[in-house]
Amino acid sequence: DTAVSQTPKYLVTQMGNDKSIKCEQNLGHDTMYWYKQDSKKFLKIMFSYNNKELIINETVPNRFSPKSPDKAHLNLHINSLELGDSAVYFCASTLGSRRAEAFFGQGTRLTVV
Amino acid sequence: AQSVSQHNHHVILSEAASLELGCNYSYGGTVNLFWYVQYPGQHLQLLLKYFSGDPLVKGIKGFEAEFIKSKFSFNLRKPSVQWSDTAEYFCAVNAQNNDYKLSFGAGTTVTVRA
(Lines give C-alpha, C1' and ligand atoms only; values in the text may rest on other atoms or scores of the structure.)
Protein backbone atom coordinates (compact mmCIF):
# COMPACT_ATOMS: atom_id res chain seq x y z
CA ASP A 1 0.00 0.00 0.00
CA THR A 2 2.86 2.34 -0.92
CA ALA A 3 1.64 5.93 -1.08
CA VAL A 4 3.89 7.17 -3.90
CA SER A 5 5.51 4.50 -6.00
CA GLN A 6 8.05 4.87 -8.77
CA THR A 7 9.30 2.38 -11.26
CA PRO A 8 11.94 1.38 -11.92
CA LYS A 9 14.03 1.85 -8.80
CA TYR A 10 17.27 1.52 -10.75
CA LEU A 11 17.86 2.28 -14.39
CA VAL A 12 21.18 1.87 -16.18
CA THR A 13 21.23 2.84 -19.82
CA GLN A 14 23.51 4.01 -22.57
CA MET A 15 23.90 7.53 -23.84
CA GLY A 16 21.47 8.41 -26.58
CA ASN A 17 18.73 6.06 -25.42
CA ASP A 18 15.18 7.11 -24.55
CA LYS A 19 13.75 6.00 -21.22
CA SER A 20 10.70 6.54 -19.05
CA ILE A 21 10.14 6.61 -15.31
CA LYS A 22 6.65 6.04 -13.98
CA CYS A 23 5.05 7.43 -10.85
CA GLU A 24 1.75 6.64 -9.23
CA GLN A 25 0.18 7.90 -6.02
CA ASN A 26 -2.79 6.40 -4.19
CA LEU A 27 -3.28 9.24 -1.73
CA GLY A 28 -5.96 11.07 -3.67
CA HIS A 29 -3.61 14.01 -4.13
CA ASP A 30 -4.15 16.47 -6.95
CA THR A 31 -0.63 17.80 -7.45
CA MET A 32 2.42 15.80 -8.47
CA TYR A 33 6.06 16.73 -8.96
CA TRP A 34 9.35 15.54 -10.34
CA TYR A 35 12.56 16.44 -8.54
CA LYS A 36 16.13 15.72 -9.57
CA GLN A 37 18.70 14.98 -6.87
CA ASP A 38 22.26 15.31 -8.09
CA SER A 39 25.40 13.64 -6.79
CA LYS A 40 25.78 16.33 -4.13
CA LYS A 41 22.26 15.53 -2.86
CA PHE A 42 20.90 18.86 -4.07
CA LEU A 43 17.16 18.62 -4.83
CA LYS A 44 15.80 20.68 -7.69
CA ILE A 45 12.22 20.82 -8.84
CA MET A 46 11.69 20.00 -12.50
CA PHE A 47 7.95 19.87 -13.12
CA SER A 48 4.65 20.03 -11.31
CA TYR A 49 1.19 19.02 -12.46
CA ASN A 50 -2.09 19.93 -10.82
CA ASN A 51 -5.08 17.87 -11.94
CA LYS A 52 -3.21 16.85 -15.10
CA GLU A 53 -2.30 20.44 -15.95
CA LEU A 54 1.33 21.54 -16.07
CA ILE A 55 1.83 24.32 -13.51
CA ILE A 56 5.58 24.36 -12.96
CA ASN A 57 8.12 23.87 -15.71
CA GLU A 58 11.55 24.83 -14.52
CA THR A 59 14.52 25.33 -16.81
CA VAL A 60 14.90 21.75 -17.91
CA PRO A 61 16.15 20.54 -21.30
CA ASN A 62 13.26 19.79 -23.62
CA ARG A 63 14.55 16.22 -23.82
CA PHE A 64 12.59 15.80 -20.59
CA SER A 65 8.86 15.50 -21.12
CA PRO A 66 6.40 14.84 -18.32
CA LYS A 67 3.06 13.25 -19.01
CA SER A 68 0.11 13.02 -16.66
CA PRO A 69 -2.59 10.68 -17.97
CA ASP A 70 -4.64 11.28 -14.82
CA LYS A 71 -4.11 12.99 -11.50
CA ALA A 72 -2.79 9.81 -9.89
CA HIS A 73 0.03 9.35 -12.41
CA LEU A 74 2.92 11.48 -13.55
CA ASN A 75 5.46 9.90 -15.86
CA LEU A 76 8.79 11.30 -16.99
CA HIS A 77 10.13 10.54 -20.42
CA ILE A 78 13.71 11.38 -21.27
CA ASN A 79 14.99 11.44 -24.85
CA SER A 80 18.59 11.18 -26.01
CA LEU A 81 19.99 10.52 -22.57
CA GLU A 82 23.27 12.23 -21.65
CA LEU A 83 25.88 11.46 -18.99
CA GLY A 84 24.78 14.52 -17.05
CA ASP A 85 21.29 13.12 -16.65
CA SER A 86 22.65 10.60 -14.17
CA ALA A 87 20.94 11.37 -10.87
CA VAL A 88 18.20 10.19 -8.57
CA TYR A 89 14.77 11.30 -9.70
CA PHE A 90 12.06 11.65 -7.08
CA CYS A 91 8.36 11.85 -7.66
CA ALA A 92 6.26 13.60 -5.04
CA SER A 93 2.64 14.51 -4.49
CA THR A 94 0.60 16.95 -2.41
CA LEU A 95 -3.02 17.75 -1.82
CA GLY A 96 -3.11 21.28 -3.12
CA SER A 97 0.16 23.10 -3.56
CA ARG A 98 0.41 25.52 -0.70
CA ARG A 99 0.33 24.29 2.85
CA ALA A 100 0.53 20.69 1.94
CA GLU A 101 3.15 18.22 3.02
CA ALA A 102 4.84 16.57 0.05
CA PHE A 103 5.00 12.77 0.02
CA PHE A 104 7.94 11.36 -1.89
CA GLY A 105 8.48 8.18 -3.79
CA GLN A 106 11.50 5.94 -3.23
CA GLY A 107 13.41 7.50 -6.08
CA THR A 108 14.77 6.18 -9.36
CA ARG A 109 18.52 6.04 -9.62
CA LEU A 110 19.34 6.70 -13.26
CA THR A 111 22.86 5.93 -14.46
CA VAL A 112 23.79 6.86 -18.00
CA VAL A 113 26.92 5.14 -19.29
CA ALA B 1 17.82 34.82 -6.58
CA GLN B 2 15.60 33.79 -3.75
CA SER B 3 16.83 30.70 -1.99
CA VAL B 4 17.06 28.39 0.98
CA SER B 5 20.42 28.15 2.72
CA GLN B 6 21.63 25.48 5.06
CA HIS B 7 24.76 26.52 6.85
CA ASN B 8 26.27 23.20 7.71
CA HIS B 9 27.29 20.80 4.98
CA HIS B 10 28.36 17.93 7.23
CA VAL B 11 27.91 17.57 10.98
CA ILE B 12 29.57 14.79 12.95
CA LEU B 13 28.64 14.20 16.55
CA SER B 14 28.45 11.53 19.21
CA GLU B 15 25.35 9.86 20.54
CA ALA B 16 23.56 11.88 23.21
CA ALA B 17 25.00 15.15 21.88
CA SER B 18 22.65 17.97 20.98
CA LEU B 19 22.04 18.87 17.37
CA GLU B 20 21.16 22.17 15.76
CA LEU B 21 20.98 22.66 12.02
CA GLY B 22 20.64 26.11 10.57
CA CYS B 23 18.27 27.11 7.79
CA ASN B 24 17.71 30.56 6.35
CA TYR B 25 15.51 31.60 3.48
CA SER B 26 15.29 34.77 1.45
CA TYR B 27 11.62 34.83 0.44
CA GLY B 28 9.51 37.68 1.70
CA GLY B 29 5.81 37.51 2.47
CA THR B 30 3.93 34.39 3.41
CA VAL B 31 6.07 31.27 3.72
CA ASN B 32 5.50 27.67 4.73
CA LEU B 33 8.50 25.87 6.18
CA PHE B 34 9.46 22.21 6.32
CA TRP B 35 12.25 19.93 7.43
CA TYR B 36 12.66 16.61 5.66
CA VAL B 37 14.97 13.72 6.50
CA GLN B 38 16.46 11.22 4.07
CA TYR B 39 17.90 8.09 5.66
CA PRO B 40 20.58 6.28 3.64
CA GLY B 41 19.09 4.81 0.50
CA GLN B 42 15.58 5.96 1.31
CA HIS B 43 13.12 8.60 0.20
CA LEU B 44 12.48 11.91 1.91
CA GLN B 45 10.19 11.92 4.93
CA LEU B 46 8.66 14.90 6.67
CA LEU B 47 10.06 15.66 10.13
CA LEU B 48 8.00 18.74 10.86
CA LYS B 49 6.33 21.75 9.29
CA TYR B 50 5.38 25.31 10.15
CA PHE B 51 2.50 27.19 8.60
CA SER B 52 1.40 29.66 11.28
CA GLY B 53 0.86 30.01 15.03
CA ASP B 54 3.36 28.92 17.67
CA PRO B 55 6.81 29.44 16.12
CA LEU B 56 8.20 26.47 18.02
CA VAL B 57 7.04 23.33 16.30
CA LYS B 58 7.56 19.78 17.38
CA GLY B 59 7.98 16.95 14.94
CA ILE B 60 8.60 13.26 14.93
CA LYS B 61 11.51 11.43 16.57
CA GLY B 62 12.10 14.19 19.13
CA PHE B 63 12.92 16.93 16.63
CA GLU B 64 11.75 20.51 16.93
CA ALA B 65 12.27 23.68 14.98
CA GLU B 66 11.89 27.36 15.70
CA PHE B 67 10.66 29.91 13.19
CA ILE B 68 12.19 33.34 13.75
CA LYS B 69 10.55 35.63 11.25
CA SER B 70 12.88 38.57 11.83
CA LYS B 71 15.88 36.38 11.05
CA PHE B 72 14.24 34.50 8.17
CA SER B 73 15.34 31.35 9.95
CA PHE B 74 13.89 27.93 10.72
CA ASN B 75 16.53 26.00 12.64
CA LEU B 76 16.15 22.34 13.50
CA ARG B 77 17.08 20.97 16.92
CA LYS B 78 17.24 17.72 18.80
CA PRO B 79 18.45 17.64 22.43
CA SER B 80 20.01 14.17 22.32
CA VAL B 81 20.79 12.38 19.08
CA GLN B 82 20.93 8.66 18.47
CA TRP B 83 22.96 6.63 16.02
CA SER B 84 19.76 6.12 14.01
CA ASP B 85 19.57 9.87 13.35
CA THR B 86 22.40 9.51 10.85
CA ALA B 87 20.84 10.89 7.67
CA GLU B 88 20.61 13.80 5.26
CA TYR B 89 18.45 16.69 6.49
CA PHE B 90 16.77 19.13 4.14
CA CYS B 91 15.11 22.42 4.89
CA ALA B 92 12.38 23.37 2.43
CA VAL B 93 10.28 26.46 1.88
CA ASN B 94 7.34 27.34 -0.25
CA ALA B 95 6.46 30.97 -0.55
CA GLN B 96 3.52 32.94 -1.83
CA ASN B 97 5.76 35.13 -3.99
CA ASN B 98 7.38 32.05 -5.55
CA ASP B 99 4.07 30.48 -6.55
CA TYR B 100 4.39 28.10 -3.61
CA LYS B 101 7.06 26.04 -5.34
CA LEU B 102 8.71 23.82 -2.74
CA SER B 103 12.39 24.80 -2.78
CA PHE B 104 15.03 22.85 -0.90
CA GLY B 105 18.27 23.78 0.76
CA ALA B 106 21.42 21.91 -0.22
CA GLY B 107 21.03 19.52 2.69
CA THR B 108 23.14 18.72 5.75
CA THR B 109 24.69 15.31 6.24
CA VAL B 110 24.51 14.30 9.90
CA THR B 111 26.72 11.47 11.08
CA VAL B 112 26.17 10.21 14.61
CA ARG B 113 28.94 8.11 16.06
CA ALA B 114 28.10 5.44 18.62
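Details of the structure are given in the entry above.
The structure reproduced in this document is the subject of the present report. Only a predicted model underlies this, so the values are computations on that prediction, with no experimental measurement involved. (Residues numbered from 1 in each chain as written. Chains lettered and ligands numbered in written order. Predicted model: local features only at pLDDT ≥ 70, side-chain atom pairs only at ≥ 80, totals over all residues. Heavy atoms only, no water.)

## Details of the overall build of chain A
- Per the secondary structure count, chain A includes zero helices and eleven strands.
- Going residue by residue from the N terminus, the α and β elements of chain A occur as β-β-β-β-β-β-β-β-β-β-β.
- For chain A, the C-alpha radius of gyration of 13 Å lies close to 13 Å, the compact-globule estimate for 113 residues.
- Along the three orthogonal principal directions, the C-alpha set of chain A runs to about 40 × 30 × 25 Å.
- The 113 residues of chain A split such that 43% are buried.
- Taking the contacts inside chain A whose residues are at least 6 apart along the sequence as the reference set, 54% of them involve residues at least 24 apart.
- Total accessible area computed for chain A in this model is approximately 5800 Å², and 48% of it derives from carbon and sulfur atoms. (Helix = DSSP H or I, 4+ residues; strand = E, 2+ residues; numbered from the N terminus. Rg over C-alpha atoms; globule rule 2.2 N^0.38 Å. Buried < 20%, exposed > 50% of the residue type's maximum accessible area, 1.4 Å probe, protein only. Contact = heavy atoms within 4.5 Å. Areas by Shrake-Rupley, 256 points an atom, 1.4 Å probe, with all protein chains shown as cover.)

## Here we look at the sheet that holds strand β8 (residues 73-78) of chain A
All names here are of chain A.
- Strands sit in the order β1-β3-β8-β7 across an open sheet of four strands; the sheet is antiparallel. This sheet does not close on itself; its edge strands, each paired only once, are β1 (4-7) and β7 (64-70). Taken pair by pair, the neighbouring strands of this sheet meet at an average axis angle of 20°, ignoring direction.
- Of the pairings in the sheet, the one linking β7 to β8 comprises five bridges and is antiparallel in character. (Pairing = 2+ DSSP bridges. Axes fitted to C-alpha atoms, helices over the stretch in contact; angles between N-to-C directions.)

## With respect to the layout of surface pockets
Residues and elements named next belong to chain A.
- Its boundaries defined by the atoms lining it, the largest pocket holds a volume of some 350 Å³.
- Together, 19 residues line the largest pocket, and Q37, K41, V88, F90 and R109 are the ones closest to its centre.
- Of all the secondary-structure elements, those providing two or more residues to the lining of the largest pocket are β9 (87-94) and β11 (108-112).
- Broken down by element, the residue count for the lining of the largest pocket peaks at four residues, all from β11.
- By residue class, the composition of the lining of the largest pocket is five nonpolar, ten polar and four charged. (1 Å grid on protein atoms, 1.4 Å probe; cavity = no way out; pocket = protein on both sides within 12 Å on 5 of 7 lines; lining within 4 Å. Points joined across faces, edges and corners; volume = space filled by probe spheres on them. Nonpolar A, V, L, I, M, F, W, Y, C, P; charged D, E, K, R; others polar.)

## Some points on the environment of H9 of chain B
Residue and element names in this part refer to chain B.
- Within the fold, H9 resides in the loop between β1 (4-6) and β2 (10-14).
- The class for H9 is exposed, based on a relative accessible area of 58%.
- C-alpha of H9 to C-alpha of Y89: the two residues are 80 residues apart in sequence and 9.9 Å apart in space.
- H9 has contacts with G107, T108 and T109, leaving out every residue within four places of it along the chain.

## Looking at the pairing of strand β6 (residues 44-50) of chain B
All names here are of chain B.
- Among the seven residues that make up β6, five are buried, leaving the element largely enclosed by the rest of the structure.
- With six bridges connecting them, strand β5 (residues 31-38) and β6 associate as antiparallel partners. Looking at β6, one finds that Y36 is bridged to L46.
- Hairpin connection from β5 to β6: five residues lie between these consecutive antiparallel strands, with G41 at a positive phi of about 75°.

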